[in-house]
Amino acid sequence: MCRWGAYLGAPVFLSDEVTSPCNSLIQQASAAEQSISTINADGFGLAWYDHRSEPGHYRDVYPAWSDANLASLTQQVRSGLFLAHVRASTGTAISRNNCHPFVSEDWSFMHNGQVGGYERFRKSADMAIPDALYASRKGATDSEAMFLIALGMGLKTDPRGGLQRATGAMIAMGREAEGTDPLVRMTVAMSDGKRLFAARYANDPNAPSLYYRWSAASKGWSVVSEPYNQDEDWQEVPSGSFCTFDGEDCKIEPFAPE
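Residues numbered from 1 in each chain as written. Predicted model: local features only at pLDDT ≥ 70, side-chain atom pairs only at ≥ 80, totals over all residues. Heavy atoms only, no water.

Draft legend 1. Expanded view of the sheet that holds strand E3 (residues 56-60). As summarised here, the arrangement of the seven strands in space is E3-E2-E4-E1-E10-E9-E11, forming an open sheet in which the pairing is antiparallel. Across the chains shown, the open sheet's two edge strands, defined by having one partner strand only, are E3 and strand E11 (235-236). Relative to strand E10 (residues 220-224), strand E1 (residues 3-13) runs antiparallel, the two sharing five bridges. The partner of Gly 5 across the bridge, within E10, is Val 224. Lying on the sheet, helix H3 (residues 68-76) is in contact with E1, strand E2 (44-49), E3 and strand E4 (78-86); it crosses E2 at an angle near 20°. (Pairing = 2+ DSSP bridges. Helix = DSSP H or I, 4+ residues; strand = E, 2+ residues; numbered from the N terminus. Contact = heavy atoms within 4.5 Å. Axes fitted to C-alpha atoms, helices over the stretch in contact; angles between N-to-C directions.)

This is the structure we're talking about:
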């Protein structure tokens, strides 16, 4: 399991969310409190939006706490929309191309969780990625496959429906390979450069943790695997939910893979 955080609102330094809080992502990389994996040291990544439609993108395989470039970048870059992730691999190689977030044109995507038995239907998942999108397939994770399949299933025009259909397709491939429904646990964050979307889902009672809050001070939304601190009004996202953050609005709808 991994840890991640996303932000949408008035521009802030990335360090305000990624490195400075007492339970920042850097802290969660070495001592996560609400994860099966206490250590998330198999790489990290950032995707942030500013003047261009396509996001800036920085990933590496080092533990997040040991990369001086990450600390320097977050202290200098300001953005009103960004995604940040620290990785704990569930089986695929530790490589830059397997680090989240993943990017395709103006979309960015990151994931925490697992699709059971993925190694037995990995070829089928790759074949479900449309030819026009396959050049974006750089790594070998189930997360990147889900992202590209979702793009091919209408994510750009219907974010909730596209992700539901892609998750359902992954479950169907796992069922065919396993003979039974695979265990799926996931939280997802994704963006089109204007809005921020998040989902929490599991087909058992153990969905990974996910929280959100509105900050009047920064005039922004924070969506996180774990609260950055204990003195803010964090709200838990219910399992089986899809969230849309757009300006100051937050809409929470049911999420049920098709």
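On we go.
Draft legend 2. Quick peek at the packing of aromatic side chains. One pass over the full model with this rule turns up 13 aromatic pairs. Ring centres 6.0 Å apart and planes at 15° place the aromatic pair Trp 107 and Phe 197 in the stacked group. One end of the pair, Trp 107, is in strand E6 (residues 107-115); the other, Phe 197, is in strand E8 (residues 196-202), and 90 residues separate them in sequence. Aromatic side chains Tyr 228 and Trp 234 sit 5.9 Å apart centroid to centroid with 90° between the ring planes, which places their arrangement in the edge-to-face category. Residue Tyr 228 shares its accessibility class with Trp 234, and that shared class is buried. Ring pairs connect the aromatic residues Trp 107, Phe 197, Tyr 201, Phe 242 and Phe 255, which therefore count as one cluster. Geometry around Phe 13 places Arg 78 over its ring, the cationic atom sitting 5.0 Å from the centre. (Phe/Tyr/Trp six-rings, centres within 6.5 Å; stacked < 30°, edge-to-face > 60°. Buried < 20%, exposed > 50% of the residue type's maximum accessible area, 1.4 Å probe, protein only. Lys NZ or Arg CZ within 6 Å of the ring centre and 35° of its normal.)

Draft legend 3. Structural view of the packing of helix H5 (residues 142-152) against helix H6 (residues 159-178). Look at H5 against H6: their axes get within 8 Å of each other, and the N-to-C directions meet at 125°. In terms of orientation, H5 lies oblique with respect to H6. Crossing hand, H5 versus H6: right-handed. Facing Asp 142, Met 146, Ile 149 and Ala 150 of H5, the residues of H6 in contact are Gly 162, Leu 163, Ala 166, Thr 167, Met 170 and Met 173. Tallied by class, the residues present in the contact of H5 with H6 amount to seven nonpolar, two polar and one charged. (Parallel < 35°, antiparallel > 145°, perpendicular 65-115°, else oblique. Left-handed = near helix turned anticlockwise from the far one by under 90°. Nonpolar A, V, L, I, M, F, W, Y, C, P; charged D, E, K, R; others polar.)

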